[in-house]
Amino acid sequence: MNVFVSRPGETHSLQAAVNILLVSVLLVAVFWFALSRIGVTFDFSFLPLYGIRLRDGFLMTVGLSAASLVLSLILGIVSAWLQSSKILALRYLAKLYVTVIRGTPLIMQIYLFFYIVGTAFGIENRFFCGVLILSIFEGAYISEIIRGSLLSMDGTQLEAAKAVGFTKKQTVQLVILPQLIARTLPALTGQFASIIKDSSLLSVIAVIEITQTMREISSENFKLFECYFALGVLYLVLTLPISFASKRLERRFTYEN
Amino acid sequence: MLRNISYHDDIRAVALIGRSGCGKSTFLRILGGLIPASEGAVRVDGEAATDSEEYRKKIGFVFQQGGLFSHLSALDNITLPLEKVHGLSQAQAQAKGYELLSRFGLENEAVKKPAQLSGGQKQRVSIARAIAPKPKLLLLDEPTSALDPEYTTEVLDMIRELRDEHLTFIIATHEMGFAYHACDKVLFLSDGEILEHGESGQVFAEPETRELKEFLSKMLEWKV
């Protein structure tokens with residue numbers, strides 16, 4: 001058995017262990033070398049002192065992401081639906097929305113929306129504003145995820161639903177929705193991880209989520225590396241379980257093809 | 001697509017033959033109430049074939065392929081319409097589903113999703129689903145033309161078994177042997193018209209039109 005090479009689908013646990021160890025050693029070595037070159041030693045002892053602020057920031061990130069998930073899902077569904085609307089103005093509006101939002105960086109949207117639209121309409125609550133901006137951004141991606149799975153629905157499935165005598169309502173409930181959910185759920189879960197990471201950009205309009213909290217702390221104690229290192233760990237705490245769940249869902253729904 | 005279709009008969013087992021694109025699928029879909037006829041009237045047992053659930057649930061339909069719901073197991077494919085359309089209780093539907101699956105040697109596939117079944121198994125489950133509510137007419141749209149030859153036989157055997165139990169069906173098929181031996185009547189469609197119809201023995205032995213002669217000679221060219 002070659003320890004370093006595995007054929008698809010048959011990785012031995014010994015092989016896995018050896019190679020995980022190898023990768024870890026390599027990574028640690030690279031960082032160790034880099035840190036010793038610039039003469040930095042890590043000191044995380046300050047973190048407990050900021051416990052309450054960190055907790056609040058972390059909860060703010062979770063809250064922003066959760067609220068944005070709900071709102072962006074609604075926006076995504078509506079926009080996917082409008083993209084196939086018979087009313088041309090609505091269809092073009094939805095297409096324009098998806099194209100422009102997906103074609104521009106989030107940070108530009110945050111500034112434009114917050115300082116122009118937000119100010120003009122008097123939206124001052126930063127949390128609310130943050131959720132709105134993030135949802136508009138993520139909704140465009142979700143719209144495409146949903147539209148993609150709608151397009152991939154096989155016509156014969158709908159004909160079969162007719163043939164067995166399902167009503168229109170039953171067809172939606174028993175055939176279209178379950179298949180659509182099965183197809184979109186893995187990708188949507190992945191998108192939730194993106195929402196969490198993208199919410200970090202809201203720090204630029206001073207929403208005190210976890211990234212902004214870390215920026216503030218690092219500007220007080222100048223422990224930039226430790227702060228950002230800890231920040232990365234905190235994001236992983238949120239995103240790793242989600243990407244794990246996404247993988248599980250993907251495997252569960254692979255019956256599709 | 002179809003024109004000058006005028007056919008009236010007492011049927012048991014009918015084979016619908018003709019070139020690809022001649023209108024066989026359209027014919028069956030109108031008969032099954034899946035698409036409305038643009039004009040004219042179709043009646044099955046005196047009931048007008050309409051594009052409605054009420055009519056469709058009395059007709060069984062088997063598609064060429066992909067007709068099973070891909071998110072449901074073989075068993076659920078059979079039981080769900082029984083419960084939701086025909087008002088059986090869950091227990092009754094399950095019992096009926098198991099009975100059909102084991103009767104056709106599919107009991108080990110009950111919990112499998114369509115993607116885990118062979119082509120032949122899929123079609124047999126499709127047929128089981130279609131006959132579960134005891135339809136007054138079963139329509140099969142080229143049920144074996146997407147299958148490898150070894151699976152074709154198992155599906156055709158199943159249909160012949162159903163014929164022996166007096167299930168009435170119309171099958172669009174390219175299997176001339178099956179049309180000849182297992183169906184008592186044959187309809188030949190060409191360019192959307194019924195050019196010939198009659199007892200299968202007679203239609204195959206004495207084709208009248210040039211189109212059917214050509215069609216048959218092509219179909220039988222490589223027969224041993």
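The structure contained in this document is the topic of the report that follows. Everything numeric here is computed off the predicted structure, so don't read it as measured data.

## Considerations on the overall build of chain B
Okay, step 1: If you tally the helices and strands in chain B, you get 9 helices and 8 strands.
Okay, step 2: A compact globule built from 224 residues should have a C-alpha radius of gyration of about 17 Å, and chain B, at 18 Å, falls within 12% of that.
Okay, step 3: By residue count, 50% of the 224 residues in chain B fall in the buried class.
Okay, step 4: Within chain B, residue pairs in contact and separated by at least 24 positions form 65% of the contacts whose partners lie at least 6 positions apart.
Okay, step 5: Taken as a whole, chain B presents about 10700 Å² of accessible surface, with 46% of it coming from carbon and sulfur.
Okay, step 6: Put simply, chain B has 26 plus and 33 minus side-chain charges, and the middle of one group is 3 Å from the middle of the other.

## Brief notes about the nonpolar core
Okay, step 1: Within the largest apolar cluster, 45 residues are counted, with the highest numbers of intra-cluster contacts made by Ile17, Ile127, Leu138, Ile159 and Phe169 of chain B.
Okay, step 2: Among residues more than four places away in sequence, those in contact with Phe169 of chain B are Arg12, Ala13, Val14, Leu137, Leu138, Leu140, Ile159, Arg163, Phe178 and Cys183 of chain B.
Okay, step 3: Counting 31 residues, the second-largest nonpolar core is a separate cluster that includes Ala160 of chain A together with Ala49, Tyr55 and Val85 of chain B.

## Here we look at the packing of aromatic side chains
Within a pair of aromatic rings, the relevant descriptors are the distance that separates the centres and the angle that separates the planes.
Okay, step 1: Throughout the structure, instances matching the rule amount to 11 aromatic pairs over all chains.
Okay, step 2: Their ring planes at 65° and their centres at 5.4 Å tell us that Phe42 of chain A and Phe44 of chain A sit as a pair that is edge-to-face.
Okay, step 3: The exposure class of Phe42 of chain A is partly exposed, given its relative accessible area of 34%.
Okay, step 4: A ring pair is formed by Phe188 of chain B and Phe215 of chain B, whose centres lie 5.5 Å apart and whose planes are at 40°; its orientation type is tilted. Of this pair, Phe188 of chain B sits in strand β7 (residues 185-190) while Phe215 of chain B sits in helix α9 (residues 210-219); the two residues are 27 residues apart in sequence, bridging distant segments of the chain. Taken as a pair, Phe188 of chain B and Phe215 of chain B share a single burial class, namely buried.
Okay, step 5: Taken together, the ring pairs connect Phe42, Phe44 and Phe229 of chain A into an aromatic cluster.
Okay, step 6: The cationic tip of Arg129 of chain B hangs over the ring face of Phe69 of chain B; the distance from NZ or CZ to the ring centre is 4.8 Å.

## A closer look at helix α5 (residues 119-131) of chain B
Okay, step 1: Across its 13 residues, α5 of chain B extends 19 Å between first and last C-alpha, which sits within 8% of the 18 Å expected from 1.5 Å per residue.
Okay, step 2: By the criterion of burial, α5 of chain B is predominantly enclosed, with 11 of the 13 residues buried.
Okay, step 3: Among all positions in α5 of chain B, only Gly120, Gln121, Gln123, Arg124, Val125, Ser126, Ile127, Ala128, Arg129, Ala130 and Ile131 of chain B are buried.
Okay, step 4: In this structure, the buried side of α5 of chain B is in contact with α6 (155-163) of chain A together with β4 (59-62), α3 (74-84), α4 (90-103), β5 (137-141) and α6 (149-164) of chain B.

## Description of the interface of chain B and chain A
Interfaces are often described in size by the accessible area the parts lose on coming together.
Okay, step 1: Taken together, the contact between chain B and chain A spans 24 residues of the former and 21 residues of the latter.
Okay, step 2: The contact between chain B and chain A buries some 1900 Å² in all, and 61% of this surface belongs to carbon and sulfur atoms.
Okay, step 3: Joining chain B to chain A, the criterion identifies 2 salt bridges.
Okay, step 4: When the shortest N-O distance is used, the salt bridge between Lys162 of chain A and Asp51 of chain B registers 3.5 Å.
Okay, step 5: Between chain B and chain A we count 11 residue pairs in polar contact (both at pLDDT 80 or more) in total.
Okay, step 6: In terms of residues, the side of chain B that touches chain A owes the most to one element, α3 of chain B, which gives 3 residues.

## Quick notes on the packing of helix α8 (residues 210-221) of chain A against helix α9 (residues 224-252) of chain A
All names here are of chain A.
Okay, step 1: Between α8 and α9, whose axes approach to 9 Å, the crossing angle comes to 165°. Between α8 and α9, the angle falls in the class roughly antiparallel. Handedness of the α8/α9 crossing: right-handed. In this structure, α8 contributes Ile210, Thr211, Met214, Arg215, Ile217, Ser218 and Asn221 to the contact, and α9 contributes Leu224, Cys227, Tyr228, Ala230, Leu231, Leu234 and Tyr235.
Okay, step 2: In terms of residue class, the contact of α8 with α9 is built from 10 nonpolar, 3 polar and 1 charged.

## So, the pattern of salt bridges
Okay, step 1: Applying the stated criterion to the full structure yields 24 salt bridges over all chains.
Okay, step 2: As a salt-bridge pair, Arg147 of chain A and Glu144 of chain A come within 3.2 Å of each other at their nearest N and O atoms. In this pair, Arg147 of chain A and Glu144 of chain A both sit in helix α5 (residues 126-151), 3 residues apart, roughly one turn of the helix.
Okay, step 3: By relative accessible area, Arg147 of chain A is classed as partly exposed at 27%.
Okay, step 4: Between Arg12 of chain B and Asp184 of chain B there is a salt bridge, with its nearest N and O atoms 4.0 Å apart. Placement of the pair is Arg12 of chain B in the segment before β1 (13-17) and Asp184 of chain B in the loop between α7 (176-182) and β7, with a sequence separation of 172 residues.
Okay, step 5: Under the relative-accessibility criterion, Arg12 of chain B is labelled partly exposed at 37%.
Okay, step 6: Accessibility expressed as a relative area gives 24% for Asp184 of chain B, which makes it partly exposed.
Okay, step 7: Three or more residues joined by partner-sharing salt bridges are found here, namely Lys162 of chain A together with Asp51, Glu53 and Arg56 of chain B.

## A short note on the sheet that holds β1 of chain B
Residues and elements named next belong to chain B.
Okay, step 1: Across the sheet, which stays open at both edges, the 6 strands sit in the order β4-β5-β6-β1-β7-β8 with mixed pairing between neighbours. Edge positions in the open sheet fall to β4 and β8 (193-199), since each of these has one partner strand only. The mean angle between the axes of side-by-side strands here comes to 15°, regardless of whether they run parallel or antiparallel.
Okay, step 2: Inspection of the sheet shows β1 paired to β7 by 4 bridges, in the parallel sense. Along β7, the bridge assignment pairs Ile17 with Phe188.

Parameters and conventions
Residues numbered from 1 in each chain as written. Chains lettered and ligands numbered in written order. Predicted model: local features only at pLDDT ≥ 70, side-chain atom pairs only at ≥ 80, totals over all residues. Heavy atoms only, no water. Helix = DSSP H or I, 4+ residues; strand = E, 2+ residues; numbered from the N terminus. Rg over C-alpha atoms; globule rule 2.2 N^0.38 Å. Buried < 20%, exposed > 50% of the residue type's maximum accessible area, 1.4 Å probe, protein only. Contact = heavy atoms within 4.5 Å. Areas by Shrake-Rupley, 256 points an atom, 1.4 Å probe, with all protein chains shown as cover. Lys, Arg positive; Asp, Glu negative; His and termini not counted. Charge placed at Lys NZ, Arg CZ, Asp CG, Glu CD. Core = buried A, V, L, I, M, F, W, Y, C linked by side-chain atoms within 4.5 Å. Phe/Tyr/Trp six-rings, centres within 6.5 Å; stacked < 30°, edge-to-face > 60°. Lys NZ or Arg CZ within 6 Å of the ring centre and 35° of its normal. Expected span 1.5 Å × (residues − 1). Buried area = accessible area lost by both parts, 1.4 Å probe. Salt bridge = Lys/Arg side-chain N within 4 Å of Asp/Glu carboxyl O. Polar contact = N/O pair within 3.5 Å; in protein donor to acceptor, adjacent residues only side chain to side chain. Axes fitted to C-alpha atoms, helices over the stretch in contact; angles between N-to-C directions. Parallel < 35°, antiparallel > 145°, perpendicular 65-115°, else oblique. Left-handed = near helix turned anticlockwise from the far one by under 90°. Nonpolar A, V, L, I, M, F, W, Y, C, P; charged D, E, K, R; others polar. Pairing = 2+ DSSP bridges.

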